[in-house]
Amino acid sequence: MKKKFIESSIRLIKNNKRVDELEEKKLRYGLEGFYNVFVKTIVMLVLAVVLDIVPEYVLLILVYSTLRLYGFGIHMKTSAQCWLTSVPMYIGGCILIKYVTFPEYISVIIWIFGFLSFLLFAPADTPARPLIHKEKRIRAKILSILILIGYFVIYHYVDITVIKNVILYGVLMESVSINPIIYKLFHTPFNNYKSFAKTTI
């Protein structure tokens, strides 16, 4: 199904525009990414409806996406890895968010871990998208920390348990995804901009 979608999309584009070999590779990469995200979103949403965790799922997507906007983080190398990590991370996490209240000491540990992770490791790039410009890395770090501070303020001013849980879990997810240990666990290079700099010397 994915292959058919990509091939038909490429044919449609080629019928309306001249595409060289490099552009076609980029198009295939982009279309594959779009297809994977679209299918995963639909499946996750169906699971969320079945398990009655739609509000938690939508809120978690919102929080995690904004934290990841400038913090970035690891991407799985294969579709299988993506599914094996995404389902428990999102669906399992939403069930946890809905039914569990985090003790105060756990929330303190997560916030300390979060701030240390963002200060030390954000933004965490990938081999496919190395953050080669120093100014952009600094800007991304500052913005990611400001977003984290914003969620910290919201967390302490909101009395709704589900929202507090979503923020806390979202911070934990992003803190883990930018940690060098998780990169090493999945055999993915960390700080890829350094390797890029070496190849250009």
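Our structure is the block above this text.
Residues numbered from 1 in each chain as written. Predicted model: local features only at pLDDT ≥ 70, side-chain atom pairs only at ≥ 80, totals over all residues. Heavy atoms only, no water.

It is not clear to me how the overall build of the chain should be interpreted in this structure. Could you clarify?
On a plain count of helices and strands, the chain comes out with nine helices and zero strands. Helices and strands appear in the chain in the N-to-C order α-α-α-α-α-α-α-α-α. Principal axes of the C-alpha set define a box for the chain whose edges measure 60 × 50 × 30 Å. Expressed as a percentage of the 201 residues in the chain, the buried residues total 33%. (Helix = DSSP H or I, 4+ residues; strand = E, 2+ residues; numbered from the N terminus. Buried < 20%, exposed > 50% of the residue type's maximum accessible area, 1.4 Å probe, protein only.)

Got a minute to help me understand the pattern of salt bridges in this structure?
Side chains that carry opposite charge are capable of pairing whenever their charged atoms lie near each other. Evaluated as defined, the whole model comprises two salt bridges. Across the pair Lys-98 and Asp-52 runs a salt bridge, and its minimum N-O distance is 3.2 Å. Of the two residues, Lys-98 sits in helix α4 (residues 79-99) while Asp-52 sits in the loop between α2 (21-50) and α3 (54-71), which places them 46 residues apart along the sequence. With relative accessibility at 26%, the residue Lys-98 sits in the partly exposed group. (Salt bridge = Lys/Arg side-chain N within 4 Å of Asp/Glu carboxyl O.)

Help me out: how do you make sense of the side chain of Ser-117 in this one?
Take Ser-117: it is sitting in helix α5 (residues 104-121). Looking at Ser-117, the relative accessible area reads 2%, which means it is buried. At 2.7 Å, the side chain of Ser-117 forms a polar contact with the backbone oxygen of Phe-113. (Polar contact = N/O pair within 3.5 Å; in protein donor to acceptor, adjacent residues only side chain to side chain.)

What exactly am I supposed to notice about helix α7 (residues 161-177) here?
Within an α-helix, residues lying three or four positions from one another point in the same direction, as the helix has 3.6 residues per turn. In this model α7 runs 24 Å from its N-terminal to its C-terminal C-alpha over 17 residues, within 8% of the 24 Å that 1.5 Å per residue would give. What α7 keeps buried is the set Asn-165, Val-166, Ile-167, Leu-168, Tyr-169, Gly-170, Val-171, Met-173, Glu-174, Ser-175 and Ser-177. Along its buried surface, α7 packs onto α3, α4, α5, α6 (134-157) and α8 (180-185). (Expected span 1.5 Å × (residues − 1). Contact = heavy atoms within 4.5 Å.)

Whenever I open this one, a nonpolar patch on the surface confuses me. Can you help?
A cluster of nonpolar residues, Phe-34, Phe-38, Ile-42, Val-43, Val-46, Leu-47, Val-50, Leu-51, Ile-95, Leu-96, Tyr-99 and Val-100, forms a patch on the protein surface that exposes about 1,000 Å² of accessible area. Secondary structure elements with two or more residues in the nonpolar patch: α2 and α4. At seven residues, α2 tops the list of elements feeding residues into the nonpolar patch. For Phe-38, the location among the structural elements is in helix α2. (Patch = residues over 30% accessible without salt bridge, like charges linked within 9 Å, V, L, I, M, F, W, Y side chains within 5 Å. Areas by Shrake-Rupley, 256 points an atom, 1.4 Å probe, with all protein chains shown as cover.)

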